[in-house]
Protein chains: 2
Amino acid sequence: MRNALIYLDRDSDLNLQTQIRQKMVDGIASGAFPPGTRLPSSRKLAEQLDVSRNTVVAVYQELLADGYIISRQRSGIFVSDTLPRAGTGSGASDETDETAQLLIWRNRIKHDRIPKSDAYELPNWSNYPFPFIDGKFDSSLFPLAEWREASKLALSVGSVEEWSTGDGEADDPMLIHEIRTKFLTRRGINAGPNEVLVTLGTQNSLFMISQLLADRSVTVGMEEPGNFRMRGLLEDRHARVHAQEVDEQGLVVDDRLKGCGLVYVTPSHQVPTAVAMPAERRRALLDAAVKHDFLVVEDDYECELNYERQPEPAIRSMDGAGRVIYVAELAKVLAPGIRLGFIVANAVFIRQLRKLRRTLFSHPPLNNQRVAAYFLSLGYYDAMMMRLGKVLRGRRLELRDALSNMRGVPLRISPEVGGTTYWVKAPKQFNVDYFVQEAAQHGVLLEPVARYYSDANRAENCFRMGVTSIPQDKIVPGVKRLVELIRYIVRGQVEHLDSVTGQWLRGASLQATMSGATIYYEEVYGTLCTIKLHVDGTMTGHMSPDSDDQDSGTWRVDEERFYRRWSRWNYATESAYFIVLDGDRIKYFNKDRQIVDSAQIKIHDPEN
Amino acid sequence: MRNALIYLDRDSDLNLQTQIRQKMVDGIASGAFPPGTRLPSSRKLAEQLDVSRNTVVAVYQELLADGYIISRQRSGIFVSDTLPRAGTGSGASDETDETAQLLIWRNRIKHDRIPKSDAYELPNWSNYPFPFIDGKFDSSLFPLAEWREASKLALSVGSVEEWSTGDGEADDPMLIHEIRTKFLTRRGINAGPNEVLVTLGTQNSLFMISQLLADRSVTVGMEEPGNFRMRGLLEDRHARVHAQEVDEQGLVVDDRLKGCGLVYVTPSHQVPTAVAMPAERRRALLDAAVKHDFLVVEDDYECELNYERQPEPAIRSMDGAGRVIYVAELAKVLAPGIRLGFIVANAVFIRQLRKLRRTLFSHPPLNNQRVAAYFLSLGYYDAMMMRLGKVLRGRRLELRDALSNMRGVPLRISPEVGGTTYWVKAPKQFNVDYFVQEAAQHGVLLEPVARYYSDANRAENCFRMGVTSIPQDKIVPGVKRLVELIRYIVRGQVEHLDSVTGQWLRGASLQATMSGATIYYEEVYGTLCTIKLHVDGTMTGHMSPDSDDQDSGTWRVDEERFYRRWSRWNYATESAYFIVLDGDRIKYFNKDRQIVDSAQIKIHDPEN
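Residues numbered from 1 in each chain as written. Chains lettered and ligands numbered in written order. Predicted model: local features only at pLDDT ≥ 70, side-chain atom pairs only at ≥ 80, totals over all residues. Heavy atoms only, no water.

1. A look at the overall build of chain A
Move 1: Along its length, chain A carries 16 helices and 26 strands.
Move 2: When the 608 residues of chain A are sorted by exposure, 59% land in the buried category.
Move 3: Restricting the contact set of chain A to residue pairs at least 6 apart, pairs at least 24 apart contribute 67%.
Move 4: As displayed, chain A offers around 25,000 Å² of accessible surface, 48% of which is attributable to carbon and sulfur atoms. (Helix = DSSP H or I, 4+ residues; strand = E, 2+ residues; numbered from the N terminus. Buried < 20%, exposed > 50% of the residue type's maximum accessible area, 1.4 Å probe, protein only. Contact = heavy atoms within 4.5 Å. Areas by Shrake-Rupley, 256 points an atom, 1.4 Å probe, with all protein chains shown as cover.)

See below:
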């Protein structure tokens, strides 16, 4: 036996016994230890591997019991020769002649069945230092201890007996119960057990719904911008898509929805803008559904991540007539591992969906259904969502502050979005597509938004930044790198101190202008910030009326530059700027003599 | 707090602490313990529930940490009032007016998208005392300890980091490696990592393959009888189906396959007849594929349950040109809980399948992929299959013997099938459909076979009996009940001692006829059994040349009847029969004077 094959990794999660077993099974299966090979005695192997003899004895005992090895009295331990062995055939491997393959396979694949919608796929985010990507979760957020506990319970003898003998199309009754009593009631929804179907997540739910409700005879109302995956599913079904715009209350509801047989909507956090639909708009949508006789697919995306305020009840909860098909999934933080979602609709439709599901894959794995059921039943899910809400809220504020503090960047974010993303607007002349690619090459992942539009030419000049996949301490460095990149990209297009319009202030005139002045900034997220530079060298700043955020600090000038340091804002670091006065505006220039910001100024008139 | 809500089940798999936590979370979530409710002290609750105080303290500590309850100094413990609460809406519930629903939903569902194929669904087998159903496994066969061990490893910190950050379409590389090295090599198949796609089992694999390769322009060759689920998938795609018959070597290969673009075949154990395809037939199929330019879908059903002989290598292993798409799944004993399968094909096709899979459900849950990977890697899978093979072989022999020993039943089984089922033929006049229904009402589940035929009218008068779901000790009682039922059904149609043709032997003439006679039985599975009744009252029996099965026993007669007892056969019980001689045949009648069997007899001629 070539012991070199048994390399033990003392830093591994696997204990030594498990590693030895794994390597020996590998060696036997691969033929490296052929049948009949004599194995070293447990003492000898233990010495060679520098492990305790008991460890090797335990492995040998297991392998004996499983029939991998046999013990012959007085002659030792041997690899069993009655094991199934690797075959001798070859099959088509990677090395098969590709041309021959192409000849055989040409025109075989029905390309109309391959989804076209998803041309832009995000790169593997976990390889990037600054992944501002929404909907993927860094593994630190996974509720490991609680999931382990729930898994252990689901693997108890009684549980296994229940889920290992499922009859092929029923979901786990315990999970259905928990979804109804712990999830749906919180969304205001009463649903009977026959009105809930478990799926492999929202993508899977929408696939099945579009299979059964969409074809070329149906017009489907979609948000614009909206969920490109749903649009892709509808295109695959040849449905007509009506794109209806989104405002700050979500989908606009008006008579243009007439003619739709189905309307798809994401009211909790609109995909992709993250705006929330207020209760009146929800009611208006239901009224329109009755008036124009359409069904509603309510995709309750991120309904639980409403840490800014209490969420609105689901549209389904207001729906007396059963026109609403409700779709949600267990928090994405559990995916991609677990990925479970569900559909709530009337029992007739659920029955048909269940038939379709049987054809696709029978049912979502029942072991995971039972683990999720325990996870909900023990309150771990709620506890996780509370923790998650805190963490994500912290990250979101960190991102807002970082964007706000990085002056001189021509970006604006909407102040009032919820959820886990910012919808970031760039100036018209800024090429966002190019910028997103450049940023990725510098380790910063942003999400382009063109794919959310039915017509990419209508896309706003925006990108999205999410916080689910980036740890809090990476946010400020990531934004800094982003800002450096923007400065580099716009370096030729921005005002330079040497060619600026206005008056470059220095020394005494700088002191005189700034002393006692009031400065009106527009923050990156659109809020107005008013700063008062007091004559004694202190300063105070406060955000516009809606916010109680304020700070104080100190300012000074020298021969060339203006200096300021907030006690909290801007990470309490001192900044230095060259100052140019241009009418009622002042312009700030950094040490590279590039403009980084401008603001309105009201100069203190000591005469008044 | 209504403590009555906390009922502890001391026989539960869940420990008391878990039960108390579960019930308290339930009470809080449902509103039974409203926010602000004061909870009893840990000592008081412990007394009321008769558990140790530490148990209650531990639960309270967890709930405090999770924010479910709060502790106010000197006043006690209260339900938190900052928890998300059950909403107040109602939504459409079971009680919604069904008529209104029907009006809204009429004509909405695209019924052409609902699979039609699966009209006959087996009832929930686990409710029946004698489930002779194939492909469902009783939970005693689930490898609980090993699966738990693999689950534990998959939930180690390092593993979770890997699988919880998957990028949305890749499979677990560890599982791909294990499938390639532990499963495929044994089937003779070399496959590169890009040539393997993990699915949710064979149904899911076939769904995706038929989506991409079948439409109304394609003729697909199917076995007749054959897998009705595959036929259903093809019908859903409007493909033309060519039904080609099956003989004792599986699918017949001849020029009638010309014109097929695709041929679906189950060579390891043909579905449903369980015959195995020998190597020459496999080669002939590949030759035909080249000659007539078709692709082959090789569904390697139950490839691992070949306990009678070494399995043939997969067709894919002989396929130099990459015409074969190989489909298999991890042993069904792990389903329905885990349900993982895979497709092996050339990398181009796998890439397209992966795109389709993303639209359907992204990927099979990665936690289960990792558990399965460990399960394979530690050799548990092979060990399980060896154990399983032994158990199922034992059950299958038990069923064969039971059917063989229950004389007088007009059924025949094929002697040479492998796998886990018997294909049981009934006489033409026997109404199998009615019989299967009757048997189910008597607790015996059999599988009807009409659905395996493209034309139910062409179906053989057969049913299937499987052994995966019935414990060994239930097989004989189950067959006994079946035989009673058959006797009852055919009671009017069988020969009765009072109206028989031939000569009823008694006393001395019975003694003279039997003494020294040789009797030739045809067993229920078609084997010939030769019995010699020696003049000294002993007897010997042996099965026909192929078998070395033999036994000895004793016989005697009294005034009325013939008695015999084998030392092993027929469960070593004494049987008594009335005997009628009719030409060269003797007929056996039971105590109800009904015929139970007949055999050829060669009477001993003392003159020769």
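The rest of the description comes next.
2. What about the domain arrangement of chain A?
Move 1: Splitting chain A by domain gives domain 1 (3-79), domain 2 (173-364), domain 3 (390-489) and domain 4 (497-602).
Move 2: Here the C-alpha centroids of domain 1 of chain A and domain 2 of chain A sit 54 Å apart. (Domains from an automatic or database assignment.)

3. Notes on the confidence of the model for chain A
All names here are of chain A.
Move 1: Mean pLDDT over chain A: 84, with 88% of residues reaching 70 or higher.
Move 2: Element-level pLDDT for chain A is lowest in helix H4 (residues 98-105), with a mean of 66, against a maximum mean of 97 in strand S9 (residues 262-265).
Move 3: When the criterion is pLDDT under 50, residues 86-95 qualifies, and its contacts beyond four places in sequence or with other chains add up to 29 contacts.
Move 4: Note on the complex model: pTM 0.78, ipTM 0.77. (pLDDT = per-residue confidence, 0-100.)

4. Remarks on the packing of helix H8 (residues 202-213) of chain A against helix H9 (residues 228-236) of chain A
Axes are the key here: two packed helices are described by the angle between their axes and the distance separating the axes.
Residues and elements named next belong to chain A.
Move 1: Between H8 and H9, the shortest axis-to-axis distance is 10 Å and the interhelical angle comes to 30 degrees. Comparing the axis directions of H8 and H9 gives the class roughly parallel. Where H8 crosses over H9, the handedness of that crossing is right-handed. Where H8 approaches H9, its residues Gln203, Leu206, Phe207 and Ser210 are matched on the opposing element by Arg229, Met230, Leu233 and Leu234.
Move 2: For the contact of H8 with H9, a count of residues per class yields 5 nonpolar, 2 polar and 1 charged. (Axes fitted to C-alpha atoms, helices over the stretch in contact; angles between N-to-C directions. Parallel < 35°, antiparallel > 145°, perpendicular 65-115°, else oblique. Left-handed = near helix turned anticlockwise from the far one by under 90°. Nonpolar A, V, L, I, M, F, W, Y, C, P; charged D, E, K, R; others polar.)

5. Some remarks on the sheet that holds strand S1 (residues 38-39) of chain A
All names here are of chain A.
Move 1: Read across the sheet, 3 strands follow the order S1-S3-S2 without closing on themselves; strand pairing throughout is antiparallel. Unpaired on one side and paired on the other, S1 and strand S2 (69-72) mark the two borders of the sheet.
Move 2: Two elements, S1 and strand S3 (residues 76-79), share 2 bridges in a ladder whose sense is antiparallel. Bridge pairing in S3 links Leu39 to Ile77. (Pairing = 2+ DSSP bridges.)

6. Focus on the pairing of strand S5 (residues 196-199) of chain B
Residue and element names in this part refer to chain B.
Move 1: Along S5, one buried face is formed by Val196 and Val198 and the opposite face, lined by Leu197 and Thr199, is buried too.
Move 2: For S5 and strand S12 (residues 341-344), the ladder comprises 4 bridges, and the chain directions are antiparallel. Pairing of Leu197 across the sheet is with Ile343, part of S12.

7. Quick word on the pairing of strand S7 (residues 240-247) of chain A
Residue and element names in this part refer to chain A.
Move 1: Across 6 bridges, the pairing between strand S6 (residues 219-224) and S7 is parallel. For Val220, the partnering residue across the bridge sits in S7 and is Val241.
Move 2: For the crossover from S6 across H9 to S7, the handedness is right-handed.
Move 3: Alignment of S7 against strand S8 (residues 250-251), held across 2 bridges, turns out to be antiparallel. From the neighbouring strand, Asp247 faces S8, where its bridge partner is Gly250.
Move 4: Counting the residues that bridge the hairpin from S7 to S8 gives 2 residues. (Right-handed = clockwise from strand over helix to strand, strands pointing away.)

8. A closer look at helix H1 (residues 16-30) of chain A
Residues and elements named next belong to chain A.
Move 1: In this model, H1 (15 residues) spans 21 Å end to end at C-alpha, consistent with the 21 Å of a helix rising 1.5 Å per residue.
Move 2: Taken as a whole, H1 has its buried residues at Thr18, Gln19, Ile20, Arg21, Gln22, Met24, Val25, Gly27, Ile28 and Ala29.
Move 3: Phi for Gly31, located one or two positions after H1, is positive at around 90 degrees. (Expected span 1.5 Å × (residues − 1).)

9. Observations concerning the environment of Ser552 of chain A
Residue and element names in this part refer to chain A.
Move 1: In this fold, Ser552 is placed in strand S22 (residues 550-557).
Move 2: Ser552 sits in the partly exposed class, given a relative accessible area of 36%.
Move 3: Aside from chain neighbours lying at most four places away, what touches Ser552 is Met539, Thr540, Trp566 and Ser567.

10. What to know about the side chain of Glu146 of chain A
Residue and element names in this part refer to chain A.
Move 1: By the secondary structure assignment, Glu146 is in helix H5 (residues 144-154).
Move 2: Among the residues examined, Glu146 registers a relative accessible area of 19% and is labelled buried.
Move 3: In contact with Glu146, not counting residues within four places along its chain, are Phe375, Tyr380 and Arg387.

11. Side note on the pattern of salt bridges
Move 1: Going through the model one piece at a time under the given rule, you end up with 54 salt bridges over all chains.
Move 2: Two residues, Asp401 of chain B and Arg400 of chain B, come together in a salt bridge whose shortest N-O distance is 3.7 Å.
Move 3: Under the relative-accessibility criterion, Asp401 of chain B is labelled partly exposed at 31%.
Move 4: Here Arg400 of chain B falls in the partly exposed class, since its relative accessible area comes to 23%.
Move 5: Linked by salt bridges that have partners in common, Asp134, Glu447, Arg451 and Arg464 of chain A make up one network. (Salt bridge = Lys/Arg side-chain N within 4 Å of Asp/Glu carboxyl O.)

12. Let's talk about the side chain of Asp215 of chain A
Move 1: By the element assignment, Asp215 of chain A lies in the loop between H8 and S6.
Move 2: Looking at Asp215 of chain A, its side chain comes within polar contact range of the side chain of Ser217 of chain A, at 2.7 Å. (Polar contact = N/O pair within 3.5 Å; in protein donor to acceptor, adjacent residues only side chain to side chain.)

13. Here we look at unusual backbone geometry
Residues and elements named next belong to chain A.
Move 1: With an omega dihedral of 0 degrees, the bond running from Glu224 to Pro225 counts as a cis peptide bond.
Move 2: On the secondary structure map, Pro225 appears in the loop between S6 and H9.
Move 3: Of note in this structure, Arg593 is not a glycine but carries a positive phi near 65 degrees.
Move 4: Along the polypeptide, Arg593 turns up in the loop between strand S25 (585-589) and strand S26 (595-602).

14. So, helix H5 (residues 144-154) of chain B
Quick reminder: α-helices carry 3.6 residues per turn. Residues three or four places apart thus point the same way.
Move 1: Buried within H5 of chain B are the following residues: Leu144, Glu146, Trp147, Ala150, Ser151, Leu153 and Ala154 of chain B.
Move 2: In this structure, the buried residues of H5 of chain B make contact with H1, helix H6 (157-163) and helix H12 (366-377) of chain A together with helix H6 (157-163), helix H12 (366-377) and helix H13 (380-405) of chain B.

15. Details of the sheet that holds strand S11 (residues 324-329) of chain A
Note on sheets: strands pair through backbone hydrogen bonds, and any given pair is parallel or antiparallel.
Residue and element names in this part refer to chain A.
Move 1: Taken in spatial order, the 8 strands line up as S5-S12-S11-S10-S9-S6-S7-S8 in an open sheet, and their pairing is mixed. Every interior strand has two partners, whereas the edge strands, strand S5 (196-199) and S8, have only one.
Move 2: In the packing of helix H7 (residues 173-184) onto the sheet, the strands contacted are S5, S11 and strand S12 (341-344), and the crossing angle to S5 comes to about 105 degrees.

16. Describing the packing of aromatic side chains
Move 1: For the structure shown, the criterion picks out 27 aromatic pairs over all chains.
Move 2: A ring pair is formed by Phe435 of chain B and Phe463 of chain B, whose centres lie 5.7 Å apart and whose planes are at 50 degrees; its orientation type is tilted. Here the residue Phe435 of chain B occupies a position in helix H14 (residues 432-441), and Phe463 of chain B occupies one in strand S17 (residues 462-466), the gap between them amounting to 28 residues.
Move 3: A cation sits over an aromatic face here: Arg506 of chain A above Trp504 of chain A, 3.5 Å from the ring centre. (Phe/Tyr/Trp six-rings, centres within 6.5 Å; stacked < 30°, edge-to-face > 60°. Lys NZ or Arg CZ within 6 Å of the ring centre and 35° of its normal.)

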